[in-house]
Amino acid sequence: MLRRTIVSLVLVAVAAATGCPRDRAEDGKLDLDYWEKWTRFEGEAMRQVVRRFNEHPERARDHIVVRQITVSNIDRKSLVAIAGGNPPDLVGLWSSNVAAFADQGALEPLDDYLKRDGLGPDHWVRIYWEMCEHRGHVWAVPTTPSVTALLWNKAMFRDAAVELRAAGLDPNRAPRTLEELDRYAEVLTKRDAGGNLIQVGFLPQEPDWFTWAYGLWFGGALYRDGRITANDPRNIEAMEWVRRFTLKYGRPAIEKFTSGFGNFASAQNPFFCGKVAMVLQGVWMYNFITQYAPGMEWGAAPWPQTPHGPAGFACAETDVLAIPRGVPRDRAEAAWKFLRFVSSQEGTELLCLGHRKSSPLARVSPEFLDKHPHPYIRLLDELARGPGVARQQRRSQSRHRRTSVDHEPSP
C-alpha cells in the first residue's frame, strides 16, 4: 500500500513538472488538449468531429484549436494529471466514471454552461442525461451510447425449423417471453453421440457481462431507498433461473463445452461460429460481426419479457466528455464550446455514425437513421427511450475494451 502511494505521488509530481504551458500560443491561438481513449475507426470518427469544429469560421474568430490525443488507461492517467495540477482541457471517459470523478473533485460542473446555452434534460435521451448527473449537478455530456438486445443466429434457427415448429415455435423470430426463451434454448441445444454438448441455444453465463442485470430483468432491484436489496425475491428468482441451466446440462459438460470457445474478438467467438444460438449483447456487436463473421445471418430483438419484469428491458451506458477540474477559466470556456458542438445534432450524428452507434440526443434526424449501417439501430434507439431501460454497470475496463474492434479484449 505504501509503495503504491509513493508511486502515485511520484507520478503526480512528474505530471505537474512536465506539463505543457497553459498560456495562449504566440500566434494567439488557444490550443486545447483533448484526451480520448478511442483508436482506429472510433478515434478517426472523433477526429472528423474535431476537424469539423476546428475548421468552422467561428473557430477562426475565437482562435480555438482542439488537439486530440489518444491516451490508454485514460481514467487513471486523467486522475493523476488532475491531481498534479496539469489536467487536459477535455477528457473522454465512461459514464461509470462520472460519480467517482465528481466525488474526488476531478471534474468541472457544467450546470452554468448548460443553463446559459439553453441545454437541459430534454436535449438528450433521459437515461443518458441521468448518467451525467450526480449529487444535483451535471458533470459531463454523453457522446456515443450503447444499448443491449437479444441477438439470434437466423441460420441456426432455420436449420432447426422442423424441430422448432414441432415444439410450437416460430423459426423466423426470436423468443418474446422467458418461457419461449427456455423452449427455444432446449430445441437448439445438441449433443454428440458421447453426450457432449456441441451446440447450445442459450447460456445465461455466455457472456457473463450482464448477470448483474438479471434481477432487474426479473423485476427485482439491487437497492431501494439507499438500502442494498440483494435478497430481493425477484433477484433470487433470476439466479434460480440461471442455476437451472447448470442443473440441466451439468457443470462438467458446460465447462468442457465453453473451454473450446475462442477469443471474443475472433471468428471463433461462440456466437459467430454457431456454437451458441442466442446471446444478450450490445450495439457494438455489429462492428464485430462485420469484421469476424461477414455474411452472418443474425437478428436483434428486445430481451424476452419475464413474468414480473418491465417491458422492453435493456441495459444502457454511454461514453462521456467532460472538462477536468483545474482547467483555467478561459480554457474551460473554450472547452465548453467544443462540448456544445459535440452535443449538437451535427457533431453527435457525425460521431455516432462513425462509431455505428445510436444517438444520445432526444431528437434524431431521419438522415441519421437512413444512412446508419447498423440494421437494428432503430430498435436499439427505441429500447433506450423505453420504460424498461436500466443503467449498465461497468464490470471492468477490460469489458469496455471488448466493446470495440479497435481494442484487443482482455480475458
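Rules used throughout
Residues numbered from 1 in each chain as written. Predicted model: local features only at pLDDT ≥ 70, side-chain atom pairs only at ≥ 80, totals over all residues. Heavy atoms only, no water. Buried < 20%, exposed > 50% of the residue type's maximum accessible area, 1.4 Å probe, protein only. Helix = DSSP H or I, 4+ residues; strand = E, 2+ residues; numbered from the N terminus. Pairing = 2+ DSSP bridges. Axes fitted to C-alpha atoms, helices over the stretch in contact; angles between N-to-C directions. Parallel < 35°, antiparallel > 145°, perpendicular 65-115°, else oblique. Left-handed = near helix turned anticlockwise from the far one by under 90°. Contact = heavy atoms within 4.5 Å. Core = buried A, V, L, I, M, F, W, Y, C linked by side-chain atoms within 4.5 Å. pLDDT = per-residue confidence, 0-100. Patch = residues over 30% accessible without salt bridge, like charges linked within 9 Å, V, L, I, M, F, W, Y side chains within 5 Å. Areas by Shrake-Rupley, 256 points an atom, 1.4 Å probe, with all protein chains shown as cover. Salt bridge = Lys/Arg side-chain N within 4 Å of Asp/Glu carboxyl O.

Caption draft 1: Quick look at the pairing of strand 6 (residues 141–153). Among the 13 residues in strand 6, 13 count as buried, and that is most of the element. In this sheet, strand 13 (residues 314–322) lies alongside strand 6 in antiparallel orientation, the contact comprising five bridges. Each bridged residue has a counterpart across the sheet, and for Ser-146 the counterpart in strand 13 is Glu-317. The pairing of strand 6 with strand 11 (residues 278–282) spans five bridges and is antiparallel. Residue pairing across strands places Ala-149 opposite Gln-281, the latter belonging to strand 11.

Caption draft 2: The packing of helix 10 (residues 178–187) against helix 12 (residues 233–249), seen in detail. For the pair helix 10 and helix 12, the least separation of the axes is 13 Å and the interaxial angle reads 20 degrees. One element, helix 10, and the other, helix 12, form an angle in the roughly parallel class. Crossing handedness for the pair helix 10 and helix 12: right-handed. Taken together, the residues of helix 12 that come into contact with helix 10 (itself represented by Leu-178, Leu-181, Asp-182, Ala-185 and Glu-186) are Trp-241, Arg-244, Phe-245, Lys-248 and Tyr-249.

Caption draft 3: Summary view of the nonpolar core. Core analysis: the biggest nonpolar cluster contains 76 residues, and Trp-217, Trp-241, Phe-271, Met-278 and Trp-298 have the highest contact counts within it. Not counting residues within four places of it along the chain, the set of residues in contact with Phe-271 comprises Leu-151, Trp-152, Asn-153, Val-276, Ala-277, Met-278, Val-279, Met-285, Ile-289, Met-296 and Trp-298. In this structure, Ala-45, Met-46, Val-49 and Cys-132 belong to the second largest nonpolar core, which totals 52 residues.

Caption draft 4: Main features of the confidence of the model for the protein chain. On average, residues of the protein chain score 90 in pLDDT, and 88% of them are at 70 or above. Under a pLDDT of 50 for its full length, residues 1–21 has, in the predicted model, eleven contacts with residues more than four places off or in other chains. Note that residues 395–411 has pLDDT below 50 and, in this model, 46 contacts with residues that lie over four places away or in other chains.

Caption draft 5: Molecular detail of a nonpolar patch on the surface. A cluster of nonpolar side chains, namely Leu-222, Tyr-223 and Ile-228, defines an oily patch on the protein surface of about 370 Å² accessible area. Positionally, Ile-228 belongs in strand 10 (residues 227–228). Judged by relative accessible area, Ile-228 falls into the exposed class, the value being 75%.

Caption draft 6: Up close: the pattern of salt bridges. Scanning the model with the defined rule gives 24 salt bridges in all. Measuring nitrogen to oxygen at the nearest pair gives 2.9 Å for the salt bridge that ties Arg-52 to Glu-346. Of this pair, Arg-52 sits in helix 2 (residues 40–54) while Glu-346 sits in helix 16 (residues 345–355), placing them 294 residues apart in sequence. Take Arg-52: its relative accessible area is 37%, and that puts it in the partly exposed class. By relative accessible area, Glu-346 is classed as partly exposed at 41%. Put simply, Arg-116 and Asp-117 hold a salt bridge, and the shortest N to O gap is 3.6 Å. With relative accessibility at 26%, the residue Asp-117 sits in the partly exposed group. Among the charged side chains, a network of salt bridges with common partners joins Glu-36, Lys-37, Asp-319 and Lys-357.

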